[in-house]
Number of protein chains: 2
Amino acid sequence: MTGIQKTENQVIIRNEEFITKAEQLMPQFLKETVRPQSIVKIEKDSTKIHGWGTGVIESADKLSAYDYGKGDQFTLDFGTHLVGYLSMKIRPVGSPPDAPLHLKLTFGEMPVEMAEPFSEYNGWISSSWLQEETLHVDVMPGVIELPRRYSFRYLKIEVLDTSRKYRVAFDDVQCLTVTSGDSYHVEELNHKDSMLNEIDKVSIKTLQDCMQEVFEDGPKRDRRLWLGDLRLQALANYETFQTNDLVKRCLYLFAGVPDDKGRIAANLFIAPSLIADDTYLFDYSLLFTTTLFDYFEATKDLETLTELWPLAYRQVELALERLDDQGIVTDDETWWSFIDWQEKLNKQAPSQAILIHTLRRAIKLAEVLKSDKLTLLEQKLQVTVDATITHLWDQDSEFFVSGSERQISWASQIWMVHAQVLDPEDNRKLIKHLLSTKPDIGLTTPYMYHYLVEALILVGEKEQAIAQLKAYWGEMINDGADTFWELYDPENKSFSPYGSYLINSYCHAWSCTPTYLIRKYDL
Amino acid sequence: MTGIQKTENQVIIRNEEFITKAEQLMPQFLKETVRPQSIVKIEKDSTKIHGWGTGVIESADKLSAYDYGKGDQFTLDFGTHLVGYLSMKIRPVGSPPDAPLHLKLTFGEMPVEMAEPFSEYNGWISSSWLQEETLHVDVMPGVIELPRRYSFRYLKIEVLDTSRKYRVAFDDVQCLTVTSGDSYHVEELNHKDSMLNEIDKVSIKTLQDCMQEVFEDGPKRDRRLWLGDLRLQALANYETFQTNDLVKRCLYLFAGVPDDKGRIAANLFIAPSLIADDTYLFDYSLLFTTTLFDYFEATKDLETLTELWPLAYRQVELALERLDDQGIVTDDETWWSFIDWQEKLNKQAPSQAILIHTLRRAIKLAEVLKSDKLTLLEQKLQVTVDATITHLWDQDSEFFVSGSERQISWASQIWMVHAQVLDPEDNRKLIKHLLSTKPDIGLTTPYMYHYLVEALILVGEKEQAIAQLKAYWGEMINDGADTFWELYDPENKSFSPYGSYLINSYCHAWSCTPTYLIRKYDL
């Protein structure tokens, strides 16, 4: 059963059978009650990320002993990153409350969110993601349960007003955490390298906190199923939680709402009902095919592969339509390929590489399915690889170039390695050349760092891969990461593509891959 | 069954039988859905109260046609004062919402609450009474139902943020009003004087909006059962709604939680459980006795009178303990008698008068009950009346004086008329002398204006009474009252005892009595 759904910018062809299948795969939730560990102060500290550190004042067990009046505030540290629902008991102290309590709660994944006022945020992403609430409590004593889900480690409570006749005390402040990632299947790593061990743990925690009704990109911001994140989460999941039905569910959700050309959206909204976002990204649509390939590799689930193959093939077909006469992805104003948040990055060459990377996987799936598309795909692979060498390889610089200005970027080289355009030995040379030359157009996200490290592994440079892993994700841990961050540039630690690091997500799916890299490749 | 309950400042002797009786008298609620009438602008207008008027932009039916983005706002006028619960549908316009909606709602009984920022409020009563909420909406389209009850005519909606990809539209903004005052028993007045007719209507609306689980003092602020308000609400109720069980319920609530001396608290908290406030007012405790008297007069409910008489008598007994050797209420730092919000008012003489006023009613109840206290009460009445004449009557000024500085106030004379210390003709002279002399220590609340108007009626000055009624409550209507206000000084219309008129209540129980005065005394 299909249905046509027109929105302002799209025509969606709903596949109700696929959507029903996805609904039936709704995961079970694991819940746990977590209490704060300490009452802390947030201190200016230039040695810490964003310039803010924390100092323990005393154990959070002491909280009940204090009462607070108008203008008072305190900050709780829950000890690690949490995703869940906050509740607390509020107890009046003094006369019966003769006026409501006016309270402000600020949730932060990082100390900076406790220290810098959200009112000063002026980035281009909506300020509504900043996690704060002001509320009135009319009936005390009583339990308040906040209906929204938060992603946080720190909680600042400010008493905006009580009355002259009473103050308030807080008991049983707690967070009911939620995840669909059951640790049951996760084996202890026990790596002899303690830093890799630690990176593995933080990766798994990051993935777990992003596993909800779908694989979310970040539980603080976006909270949404994005294809670029999904592919990496799924890879990490196969090595850890093995909640493979959640990957299957996400694939069916995407497959449930293609547009009238058969395009898979870059991301989906789940509530109040399934909606495909009107953003379509060249690379993300192709990652649907790649994610299906990875899923089949992990599960050998032929039924799902068979059902979703037509759409997976369609993404390749649509991408091939963007090839110009020379066999190169057309770079103009009409498209958007994500690749990375690097502002100056030209997307042509990495997109070309992603297309080739996808073609290789589509061919393998066509073989499994004995599809009549196999020959065509093989021809197209040859054509695009040849065109890439002819038009994008620059012999002088020994790099792939991108766009009319022949840009040399890290992303282009990395994706070309994944695409295996060159032979293995040349690939190895290319990546070593990249690391020694260090072109200006670098990487800004853990998402692209993942592909760098995996590229190093693929060319046999395991030691370099481990070194990069430690230099990037290890440094994030040194900088205080309980879960891995959406954005991290070791050279510019306040980097944000959104105009302020306040709005960055500090638990982000696409940063969870070290556990995959370490476990899959036995680093 | 009784139980002792110790709090920080009180020992309460709970009478569970009385409390159970009160619980069984929980009223039925009448609910009605009310929609806004107009989209309005709030305009500076020096001819209007507080300097703010409204202008209709267009019918609220047009609201759905508009959509709003970051920084946009609009104000709705519901056409009259409402007490109830707000709900609305929020519909995204544009792309699917990729970030929560951050919304600010401001509720106002008066235009000034829409115009002057609450952040500038700096009065001594808690700012938490100012009716505003900021909230995040995560799922759209959807219905939001605010859990708190509001008291308002105007609603300002400000869009703090959406995202760059969507705007929002508002459908079905509505208020589900609640009251326990059923208009079924209210007869049309059809007074030939249209102003009295109008005053009567606004009185009834005021009373109805204050009739909830108990007789509240004001649905915006305090929202609480106060004895001073209860007495007047009950009087107005007997002439209109005749929801006499609600009076009975309130009497039993007060009787359920006296302190260990038998004192009745000035007000009660109902939620989360019945609690006597730790405020005790000389006059308000005595009004328990008076309210029981009025209730018996209206209902002839002998069972209730019999059960509550010991406590009613106890209030008189306790008040008599405050008499000094001369038979005058001791005026020192240890007590608080309310009387009025007039800042400079000395409370001794009006309190003395209220004691006498109560003694006369206690005597009548003792007669009904054939109580052995009758003789004692009669003796005490004689002693206090004589002492009042001897020590508080000032022959030179021909006024009653109060306190060590022999203050001459309106409140003292008015309450002495009610106490009938002088004979009828001298009472008439006293009140006429008051109106012609106009002492400086005047009246500030409709509560005291009620006792002024009723005093005029009692001495036979009906025309003067009507003139005062119109000059005060009529002028409030001219100033835009949909319901009568807590505070009103025609000479100083921005008067507030709390530091700002923003926090004043504009629907207040103690201001609802004109309907009683008009109907009871056939004005």
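The name given to chain A in an unreviewed UniProt entry is Sugar hydrolase, with the source organism recorded as Metabacillus litoralis.

**Let's talk about the sheet that holds strand β14 (residues 275-276) of chain A**
All names here are of chain A. With respect to topology, three strands assemble into an open sheet ordered β12-β13-β14, the strand pairing being antiparallel. Of all the strands in the sheet, just β12 (225-226) and β14 have a single pairing partner and so form its edges. When β12 meets strand β13 (residues 267-269), the two strands line up antiparallel, connected through two bridges. Bridge pairing in β13 links Leu-225 to Leu-268.

**Focus: the interface of chain B and chain A**
Each partner contributes to the interface: chain B provides 40 residues, whereas chain A provides 40 residues. Across the chain B to chain A interface the summed buried area is about 3,100 Å²; carbon plus sulfur atoms make up 49%. Looking at the side of chain B facing chain A, the largest losses of area belong to Pro-96, Ser-128 and His-136 of chain B, adding up to 17% of the total buried there. The shortest N-O distance in the salt bridge between Lys-165 of chain A and Asp-278 of chain B comes to 2.8 Å.

**Details of the packing of helix α10 (residues 410-419) of chain B against helix α11 (residues 424-437) of chain B**
All names here are of chain B. Across the interface, α10 lies against α11 with an axial gap of 10 Å and an inter-helix angle of 160 degrees. Relative to α11, the element α10 lies roughly antiparallel. Our pair here, α10 against α11, has a crossing hand that is left-handed. Facing Trp-410, Gln-413, Ile-414, Met-416 and Val-417 of α10, the residues of α11 in contact are Asn-427, Leu-430, Ile-431, Leu-434 and Leu-435. Considered class by class, the residues forming the contact of α10 with α11 number eight nonpolar, two polar and no charged.

**Comments concerning the sheet that holds strand β12 (residues 225-226) of chain B**
Residues and elements named next belong to chain B. Ordered by their spatial adjacency, three strands build an open sheet running β12-β13-β14, and the pairing between neighbours is antiparallel. Either end of the sheet is taken by a strand with one partner, and the two such strands are β12 and β14 (275-276). Taken together, the two bridges between strand β13 (residues 267-269) and β14 define a ladder with antiparallel strand orientation. Opposite Leu-268, over in β14, you have Ala-276 as the bridge partner.

**A look at the relation of the copies chain B and chain A**
What connects the two chain copies is a rotation about an axis and a shift along it. Turning chain B through 180 degrees and shifting it by 0.0 Å along the axis lays it on chain A, with an RMSD of 0.1 Å. Both chain copies can therefore be described as sitting about a two-fold axis. Closest to the rotation axis within chain B is the C-alpha of Thr-134 of chain B, separated from it by 3.2 Å. Same-surface contact between copies: 100% of interface residues of chain B are shared with the interface of chain A.

**As for the pairing of strand β8 (residues 132-137) of chain A**
Residue and element names in this part refer to chain A. Most of β8 is tucked away, with five of its six residues classed as buried. Where strand β7 (residues 101-108) lies against β8, six bridges are found, and the strand directions are antiparallel. For Leu-103, the partnering residue across the bridge sits in β8 and is Leu-135.

**Focus: unusual backbone geometry**
With an omega dihedral of 0 degrees, the bond running from Ala-271 of chain A to Pro-272 of chain A counts as a cis peptide bond. Of note, Pro-272 of chain A is situated in the loop between β13 and β14. For Asp-172 of chain A, which is not a glycine, the phi torsion comes out positive at approximately 50 degrees. Structurally, the position occupied by Asp-172 of chain A is in strand β11 (residues 166-179). The phi torsion at Glu-398 of chain B lies on the positive side, around 60 degrees, for a residue other than glycine. Mapping Glu-398 of chain B onto the fold places it in the loop between β15 (393-394) and β16 (399-400). On the basis of relative accessibility, which here comes to 41%, the residue Glu-398 of chain B falls in the partly exposed class.

What counts as what
- Residues numbered from 1 in each chain as written.
- Chains lettered and ligands numbered in written order.
- Predicted model: local features only at pLDDT ≥ 70, side-chain atom pairs only at ≥ 80, totals over all residues.
- Heavy atoms only, no water.
- Pairing = 2+ DSSP bridges.
- Helix = DSSP H or I, 4+ residues; strand = E, 2+ residues; numbered from the N terminus.
- Contact = heavy atoms within 4.5 Å.
- Buried area = accessible area lost by both parts, 1.4 Å probe.
- Salt bridge = Lys/Arg side-chain N within 4 Å of Asp/Glu carboxyl O.
- Axes fitted to C-alpha atoms, helices over the stretch in contact; angles between N-to-C directions.
- Parallel < 35°, antiparallel > 145°, perpendicular 65-115°, else oblique.
- Left-handed = near helix turned anticlockwise from the far one by under 90°.
- Nonpolar A, V, L, I, M, F, W, Y, C, P; charged D, E, K, R; others polar.
- Least-squares fit on C-alpha atoms with pLDDT ≥ 70 in both.
- Buried < 20%, exposed > 50% of the residue type's maximum accessible area, 1.4 Å probe, protein only.

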